Amino acid sequence: SNLTRKALRYLRERGAFAEKIGSGQRIGMPDIIACYRGRFLGLETKRSPGQEPTAAQREVLSEIIQAGGVGKVVGSMQELSTELESIDTTYKTDT
C-alpha cells in the first residue's frame, strides 16, 4: 500500500532498519518489521480509518509487545511519527 511505502521510507530516513514482510511468512505477521534506536517494531499498516487487524495480526502484535518490542497498528504517517517521537524521548545514548 501507499502507506506502507511511505512508512518504510520515513523509517529509513530516521535511521531505522525497516523491511516489508512479504507473503509466505507466518499468518498474522505485521506489514513492516523495523529496528529503531534499539527497539524492535512490528507495524501493521491500515489504510482505512477504523480498519481493524485480524485475530492473527492481533495475536502476533501481542507477542511482540510481550517480548519487549513495539507492536502497533498504524493508520497514518502521523501515528508513526508519534510512535518514533515517543521512542526518541526514552532513548539514551551511551557516552
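Residues numbered from 1 in each chain as written. Predicted model: local features only at pLDDT ≥ 70, side-chain atom pairs only at ≥ 80, totals over all residues. Heavy atoms only, no water.

Engineer: Quick question: what am I supposed to make of the overall build of the protein chain here?
Structural biologist: The helix and strand tally for the protein chain stands at 3 helices and 4 strands. Start at the N end of the protein chain and walk to the C end: the helices and strands fall as α-β-β-β-α-β-α. Radius of gyration (C-alpha) of the protein chain: 13 Å, near the 12 Å computed for a compact globule of 95 residues. Seen through its C-alpha atoms, the protein chain measures out along the principal axes to roughly 40 × 25 × 25 Å. In the protein chain, buried positions account for 38% of the 95 residues. Sequence separation of at least 24 residues holds for 53% of the intrachain contacts in the protein chain that already meet a minimum separation of 6. Separation of charge centres in the protein chain, based on 14 positive and 12 negative side chains, amounts to 4 Å. (Helix = DSSP H or I, 4+ residues; strand = E, 2+ residues; numbered from the N terminus. Rg over C-alpha atoms; globule rule 2.2 N^0.38 Å. Buried < 20%, exposed > 50% of the residue type's maximum accessible area, 1.4 Å probe, protein only. Contact = heavy atoms within 4.5 Å. Lys, Arg positive; Asp, Glu negative; His and termini not counted. Charge placed at Lys NZ, Arg CZ, Asp CG, Glu CD.)

Engineer: Which parts of the structure should I look at to understand helix H2 (residues 55-66)?
Structural biologist: Note on helix geometry: an α-helix contains 3.6 residues per turn, so any two residues three or four positions apart are oriented the same way. The terminal C-alpha atoms of H2, which comprises 12 residues, lie 16 Å apart, in line with the 16 Å expected from a rise of 1.5 Å per residue. Along H2, the residues classified as buried are Gln57, Val60, Leu61 and Ile64. Taken end-on, H2 shows its buried residues confined to a sector of 100°, consistent with a single buried face. Pointing more than 90 degrees away from the buried face of H2 are the exposed residues Ala55 and Gln66. Those residues of H2 hidden inside the fold are in contact with strand E3 (39-45) and strand E4 (70-74). Where H2 terminates, the next one or two residues include Gly68, which has phi positive at roughly 100°. (Expected span 1.5 Å × (residues − 1). Arc of directions from axis to C-beta.)

Engineer: Looking at this model, I keep getting lost on the sheet that holds E4. Mind explaining?
Structural biologist: Sheet strands line up and pair through hydrogen bonds in the backbone, either parallel or antiparallel. Read from one edge of the open sheet, 4 strands run E1-E2-E3-E4, paired in mixed fashion. With partners counted over all chains shown, the strands left at the sheet margins are strand E1 (17-20) and E4, one partner each. Adjacent strand axes in the sheet meet at a mean angle of 20°, parallel and antiparallel pairs treated alike. Each of E1, strand E2 (32-36), E3 and E4 touches helix H1 (residues 2-13); the most contacted strand, E1, lies at about 165° to it. (Pairing = 2+ DSSP bridges. Axes fitted to C-alpha atoms, helices over the stretch in contact; angles between N-to-C directions.)

Engineer: Just checking my understanding: could you explain the pattern of salt bridges for this structure?
Structural biologist: Oppositely charged side chains can form a pair if their charged atoms are brought close together. Under the definition given, this model contains 7 salt bridges. Between Arg37 and Asp88 there is a salt bridge; the shortest N-O distance is 2.7 Å. Linking Arg37 in the loop between E2 and E3 with Asp88 in helix H3 (residues 77-90), this pair joins segments that are 51 residues apart in sequence. Its relative accessible area of 40% is what places Arg37 among the partly exposed residues. On the basis of relative accessibility, which here comes to 24%, the residue Asp88 falls in the partly exposed class. When salt bridges that share partners are traced, they join Arg14, Arg37 and Asp88 into one network. (Salt bridge = Lys/Arg side-chain N within 4 Å of Asp/Glu carboxyl O.)

Engineer: Looking at this structure, I do not really get the nonpolar core. What am I missing?
Structural biologist: As a rule of thumb, nonpolar side chains are buried together in soluble globular proteins. Counting 16 residues, the largest nonpolar core has Leu11, Ile32, Leu41, Leu43, Leu80 and Leu84 as the members making the most contacts within it. Of all elements in the fold, only H1, E2, E3, E4 and H3 reach the threshold of two or more residues within this core. When residues of this core are assigned to their parent elements, the largest contribution, 4 residues, is made by H1. Setting aside residues no more than four positions away along its own chain, Leu84 makes contact with Tyr10, Leu11, Arg14, Tyr36 and Leu41. (Core = buried A, V, L, I, M, F, W, Y, C linked by side-chain atoms within 4.5 Å.)

Spatial relationships are all this shows, so hold off on functional conclusions.
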